[in-house]
Structures are given as structure tokens and as C-alpha cells.
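Inside the fold
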Amino acid sequence: MPHIVDFENVSTAGLESSPVAGALAGLRANEGRYYRNKYDHAFAVSPASELPEVVERVSRILKDERDIVISSRPLEATAFEVDGLRMAYVFYESGLSINVMYSIEAGGKRAVGFKLADGMEIPEELASRFKFARQKSKLAGVIRGSFFVIKGEY
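Residues numbered from 1 in each chain as written. Predicted model: local features only at pLDDT ≥ 70, side-chain atom pairs only at ≥ 80, totals over all residues. Heavy atoms only, no water.

1. Points about the pattern of salt bridges
- If you walk through the whole model with that rule in mind, you get eight salt bridges.
- The residue arginine 36 makes a salt bridge to aspartate 40 at a minimum N-O spacing of 3.4 Å.
- With a closest N to O distance of 3.1 Å, arginine 60 and glutamate 56 form a salt bridge. Linking arginine 60 with glutamate 56, this pair stays in helix α2 (residues 52–66), spanning four residues, or about one helical turn. (Salt bridge = Lys/Arg side-chain N within 4 Å of Asp/Glu carboxyl O. Helix = DSSP H or I, 4+ residues; strand = E, 2+ residues; numbered from the N terminus.)

2. Structural notes on the sheet that holds strand β5 (residues 96–103)
- Strand order in the open sheet formed by eight strands is β1-β2-β3-β4-β5-β6-β8-β7, and the pairing between neighbours is antiparallel. Lying at the two open borders of the sheet, with one neighbouring strand each, are β1 (3–4) and β7 (133–137).
- Both β1 and strand β2 (residues 44–47) contribute to a ladder of two bridges, which runs antiparallel. Directly across from histidine 3, in β2, lies its bridge partner valine 45.
- The strands touched by helix α1 (residues 21–39) within the sheet are β1, β2, β3 (74–82), β4 (85–92), β5, β6 (110–116), β7 and β8 (141–149), with β4 carrying the most contacts at an inclination of about 165°.
- Contacting β3, β4, β5, β6 and β8, α2 crosses the sheet at an angle of about 95° to β4. (Pairing = 2+ DSSP bridges. Contact = heavy atoms within 4.5 Å. Axes fitted to C-alpha atoms, helices over the stretch in contact; angles between N-to-C directions.)

3. Some thoughts on the pairing of β7
- As paired strands, β7 and β8 are joined by five bridges and run antiparallel to one another. Bridging across to β8, alanine 133 finds its partner in glycine 145.
- The hairpin turn running from β7 into β8, its antiparallel successor, is three residues long.

4. What to know about α1
- Compared with the 27 Å implied by 1.5 Å per residue over 19 residues, the 26 Å span of α1 between its first and last C-alpha is a close match.
- Every buried residue of α1 is listed here: Ala21, Ala23, Leu24, Ala25, Gly26, Leu27, Arg28, Ala29, Asn30, Glu31, Gly32 and Tyr35.
- Just downstream of α1 lies aspartate 40, where phi reads positive at about 55°. (Expected span 1.5 Å × (residues − 1). Buried < 20%, exposed > 50% of the residue type's maximum accessible area, 1.4 Å probe, protein only.)

5. Thoughts on the nonpolar core
- Within the largest apolar cluster, 47 residues are counted, with the highest numbers of intra-cluster contacts made by Leu62, Leu96, Ile98, Val112 and Phe114.
- For this core, the secondary-structure elements that each account for two or more residues are α1, α2, β3, β4, β5, β6 and β8.
- Top element by residues in this core is β4. It accounts for seven residues. (Core = buried A, V, L, I, M, F, W, Y, C linked by side-chain atoms within 4.5 Å.)

6. A few points about the packing of aromatic side chains
- Taken as a whole, this structure holds 13 aromatic pairs when the rule is applied.
- A ring pair is formed by phenylalanine 43 and phenylalanine 91, whose centres lie 6.4 Å apart and whose planes are at 90°; its orientation type is edge-to-face. Of this pair, phenylalanine 43 sits in the loop between α1 and β2 while phenylalanine 91 sits in strand β4, and the two are 48 residues apart along the sequence. Each of the two residues, phenylalanine 43 as well as phenylalanine 91, counts as buried. (Phe/Tyr/Trp six-rings, centres within 6.5 Å; stacked < 30°, edge-to-face > 60°.)

7. With respect to the pairing of β5
- By the criterion of burial, β5 is predominantly enclosed, with seven of the eight residues buried.
- In the sheet, β4 pairs with β5 via seven bridges, with the strands oriented antiparallel. Note on β5: the bridge partner recorded for methionine 87 is methionine 101.
- Here β4 folds back onto β5, and the loop between the two strands holds three residues, one of which, glycine 95, carries a positive phi near 110°.
- Here β5 runs beside β6; their pairing, made up of seven bridges, is antiparallel. By the bridge assignment for β6, methionine 101 is matched with alanine 111.
- The antiparallel pairing of β5 with β6 creates a hairpin that spans six residues between the two strands, and glycine 107 there sits at a positive phi of about 85°.

This is the structure we're talking about:
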């Protein structure tokens, strides 16, 4: 069952099994605040087991585009449309968050973004392929992020 992410009272609910649950909850809350402020969209997540099609879509894009397979267990996921973009998020037990931004309009922006929760190591499957920039967040501490542009059609 989906629940709206509260970015004022950050909770680890749904993320408790992560070794960086607090930081991952802050990262999730940071995303919630972004979508509320920029698009007036309530960022709601569900257990990944309830949205296998979202996890599968993200996994398929990673595999097809860059031959990446994430080894960590998906904990939560969400998918929604906002401002002409089809968005998908998966939050993993390791502290990794992956989002797919896919413009509905042909020729629009299409990319995969990676964010690492404060305190987690860069996953082996990403370490040699991407450089991660640092960003400070009141909710999430230091977020490290990277991305790549999607070339195929999904």
C-alpha cells in the first residue's frame, strides 16, 4: 500500500533493513520535498514487492543500456507522471536510489540517475563506470549522485 513520504518528520518505515536506513530515509524525504516544491506532487512509495513492474522496468533499462545488474534488494518503488515526464524510483537496501526520468514527448530528456545515501560505499557494479558528484542536503546529509542519458526507446 502506498504511503506519502513525509519530509518534515523523516521516518525509516519501509527501509529498516538497510544498514544506512536513516540516511536512505533522508534521501527519500529529499526527493519527496523536491517533487512537492517543484511540481506540487505528493511523492508516494510502496513496498517494491507491490510494484514489480516498476522494479523490472528500471532493471531492464539498466541492463539494456549499460549491462548493469544491481545486486542489492529493492525495498521501495514508485512511478508517476509529472510535467510531461514519466518517473520511476527504486530504493535499495544498500542505500542506493535509482530514478528513471523519461520524457513522454519524443526527443525530450531521458536519463537514469543514481543517488547514494550518506555512509554507503559505491556499489561494485557502479564504481568503475561512474564518477559521483557530492551535494549537501539538510534531510539526507551528503548525497553522492551520477547519471547517464538513455539512448533506447522504453
